[in-house]
Structures are given as structure tokens and as C-alpha cells.
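Residues per chain, in single letters:
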Amino acid sequence: MDSARSGCKMKEVEMLTPSRDLTLSTSWPVLKALTRSLFREIGILRGSEVLLRSNTVGMLFDKPKWHPEHFEFSNRREESAFKELFDILAPTIVLYNDLKKHFGGYLADEITANMAFPLQLALYPQFGWIPDDPADIDQWRQCTADAWGSGAWEFKEWVSEDDTEYRMRFTKCAPVMILKAYGMHAYAENICMTDHVVMDCLVPEVIFSRTCAIGVGDPYCDHTVRLPVSDEDTKKEEDYADCNKARFGGREAVRHWEEVYKRSGKFM
């Protein structure tokens, strides 16, 4: 691990003990975002038809089966965490398969890639990753443990000696790995990109960057959160390097949703 932007050395640290259990659910904001985004993509009549069909006949007869052989688990806790997330994601996989059946693979990928941003932005508050004091690296570490310490994610962490930079390297990300294993590659690529939107809009006082992401086919995700070391130290285009690897305009979608927030003060 090279030096921080400040010039100080990075040191590896152990994950803090989670202070809460992360329980993700298909909440009303998520359902609303799904419905609105689907209607925007294919129209209200077709969208209503797809939603009705996928949530009734689809879930009864076409619900995907759990295939643990698609993954390599370190222990039973990790397998259980993956299975729990698979159960939450199953209706989304059914919806995708229905779209693919009626629109073909390319359009189904494009439709769901565009839906990924509003759905993930609606889900984001459940993670609670943003600390009360964004300048406190220890709070970022605690939020990381709370959001991703359930066993469904595998990562290492580094902190600069002057506490101005915090890096994470994720080698397992259950939701992204599940979505890719069940064919939703474009959707998986784009849900990760919402991190840039949330960070740029809600905590502009820190700089978030990422060059690699599991969703776009890289072997790991390299999150970096750092405090500016000078007035000239701002987020640059290279900090969005992972976005340029996502299909269907990942970088442009980040710009779009940041503009939505700038104009309305919310993501929907």
C-alpha cells in the first residue's frame, strides 16, 4: 500500500466491531423507486403488466433457485449472509428475466442498468454509511463495520498515519456477486456507481474515489475516502475511473443523478 495523498504512510487496521446488525429490506421507498423507474423505462401500461406478472406468476413458477456452488464461502456465516441477500434479490432477478424474455437481453440490460441508480439510492439509507462527522476517520471505520461487517462482504482496511485518508479493498461483495451469477451484469455494474453520487452530494467535504469495482469485472473494489490536504485538492475525473467501465453510461448517470439532487435536494 503506497503513501497517502498527504505523504504519510498507510497502515493496515483491523475491522472494528459492528455496533448494529444490518437488516436490508424491500422498503416502500425502494418499491416506489422500482415502480417509477420501470414506468419511465417502458411506460405505465407495460410496466404495470411486467410488475404484476413477475410478482405473481414469475415468483410462483420462475423464481430462481439458490445455487451456492456459484460462490466460494469461507464459512457458514458467510454462506448464510449470501443466502439472506439472495432471498431479497430474487424478485429483482425474476423481473429481469421477464424483461429479457419480452425485450431481449440487450434491452433488458439497458433497462435495468438505468433502474439501478434510483433503486440503489433508495436503498442507501439502510446502510447508514455516512458518519455524523465526515472529518473523523474512526467514524468512517465504524460506519463501514456497521454497513459491511455482516459476513456478506470481505474487505481489508488501511488508514494513513495522520488520519486524513481511509482505504478499503473489497474482495467479496455479496449483492454484486449474486446479481452477476444470475445474469444481471449491467445492473450489478451500475449499483456500485451510486457511491459517487451519495458521497459527492451528501459529504462534499471529503473526496471519494474508486478505480476498480467487482461489478465491472475487476477482482476487487478499492474505495478511498480522504480529507483534502489543500484548497487545490479536489475530486478529479480520475477519481471516477470505475464509472467509465460500466456499460450504458455509468459516468453520465452519476452526473445525471447528482444534477437531480442539486435541483431538488433529493434523489427522486
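The shown structure was predicted, so the numbers you read here are calculated from the model rather than taken from an experiment.

Trainee: Lay out the nonpolar core in plain terms, naming residues and giving numbers.
Mentor: Across soluble globular proteins, nonpolar side chains show a tendency to be buried alongside one another. By size, the foremost hydrophobic cluster in this structure holds 77 residues, and its most contacted members are W129, W140, W153 and I178. For W153, the residues in contact, after removing those within four places along its chain, are L22, L85, F127, A147, W148, F170, K172, C173, A174 and P175.

Trainee: Report on helix α1 (residues 28-42), specifying residues and quantitative values.
Mentor: Taking 1.5 Å per residue, 15 residues should reach 21 Å; α1 reaches 21 Å between its end C-alpha atoms and fits that length. Along α1, the residues that are buried comprise V30, A33, L34, S37, L38 and I42. Buried residues in α1, looked at end-on, bunch into an arc of 125°, giving them a common side. Those residues of α1 that are buried are in contact with α2 (44-61), α3 (76-103) and α4 (105-123). Remark: G43 follows α1 within two positions and exhibits a positive phi of approximately 95°.

Trainee: So what's going on with the packing of aromatic side chains? Which residues, and what values?
Mentor: The full count for this structure, using the stated rule, is 17 aromatic pairs. Summarising the aromatic geometry, the rings of W129 and W140 are spaced 5.1 Å apart at their centres and angled 70° between planes, so their arrangement reads as edge-to-face. Within this pair, whereas W129 is found in the loop between α4 and α5 (137-148), its partner W140 is found in helix α5, the two being separated by 11 residues in sequence. Summarising the aromatic geometry, the rings of W129 and F208 are spaced 6.3 Å apart at their centres and angled 85° between planes, so their arrangement reads as edge-to-face. Pair noted here: W129 is in the loop between α4 and α5 and F208 is in strand β4 (residues 207-209), with a separation of 79 residues, a long-range link. Both residues of the pair, W129 and F208, count as buried. In this structure an aromatic cluster arises from ring pairing among Y124, F127, W129, W140, W148, W153, F155, F170 and F208.

Trainee: If you had to explain α3 to someone new, which residues and values would you point to?
Mentor: Over its 28 residues, α3 extends 38 Å from the first C-alpha to the last, a length consistent with the 40 Å expected when each residue adds 1.5 Å. The sharpest bend along α3 comes to roughly 45°, located at L89, with the proline P91 sitting one to four residues further on. Two or three places before R77, at the opening of α3, N75 has a side-chain oxygen 3.2 Å from that residue's backbone nitrogen.

Trainee: Would you mind going over the sheet that holds strand β5 (residues 221-226) in detail, with residue names and values included?
Mentor: With antiparallel pairing, the 5 strands of this open sheet are ordered in space as β1-β2-β3-β5-β4. Only two strands of the sheet have a single neighbouring strand rather than two, namely β1 (10-13) and β4. Strand-to-strand twist of the sheet, defined as the mean angle between neighbouring strand axes without regard to direction, takes the value 20°. Pairing geometry for strand β2 (residues 153-160) and strand β3 (residues 165-173), over 7 bridges, is antiparallel. Paired with E154 across the two strands is K172, which belongs to β3. Along the sheet face, α5 touches β1, β2, β3 and β5 and points at about 175° away from the line of β2.

The rules we used
- Within each chain, residue numbers correspond to sequence positions counted from 1 in written order.
- For a predicted model such as this one, the threshold for reporting local features is a pLDDT of at least 70, and the threshold for listing and counting side-chain atom pairs is 80 or more; totals across whole chains, interfaces and linings nevertheless cover every residue.
- Note that the side-chain values use all heavy atoms of the structure and ignore hydrogens as well as water.
- To form a nonpolar core, buried Ala, Val, Leu, Ile, Met, Phe, Trp, Tyr and Cys residues must be joined to one another through side-chain atoms within 4.5 Å.
- We call a residue buried when its accessible area falls under 20% of the maximum for its residue type, exposed when it is over 50%, and partly exposed in between, using a 1.4 Å probe and counting protein chains only.
- In this description, contact between two residues means that some pair of their heavy atoms is separated by no more than 4.5 Å.
- By definition, any uninterrupted DSSP run of H or I lasting at least four residues is a helix, any uninterrupted run of E lasting at least two residues is a strand, and each is numbered from the N terminus.
- Each helix should span, by expectation, one fewer than its residue count multiplied by 1.5 Å.
- Relevant arc is that of directions from the helix axis to the C-beta atoms, nothing else.
- Pairs were defined over the aromatic rings of Phe, Tyr and Trp, the Trp ring being its six-membered one, requiring ring centres within 6.5 Å. Orientation was assigned from the angle between planes: stacked under 30 degrees, edge-to-face over 60, tilted for the rest.
- A residue's bend is simply the angle between two axes: one fitted to the seven residues ending at it, one to the seven starting at it.
- Nitrogen and oxygen atoms within 3.5 Å of one another constitute a polar contact, given that in protein one can donate a hydrogen and the other can accept it, and given that sequence-neighbouring residues count only through two side-chain atoms.
- Strands qualify as paired when DSSP identifies two bridges or more between them.
- To get an axis, fit a line to the C-alpha atoms, keeping to the stretch in contact for a helix; angles then go from 0 to 180 degrees between the N-to-C directions.

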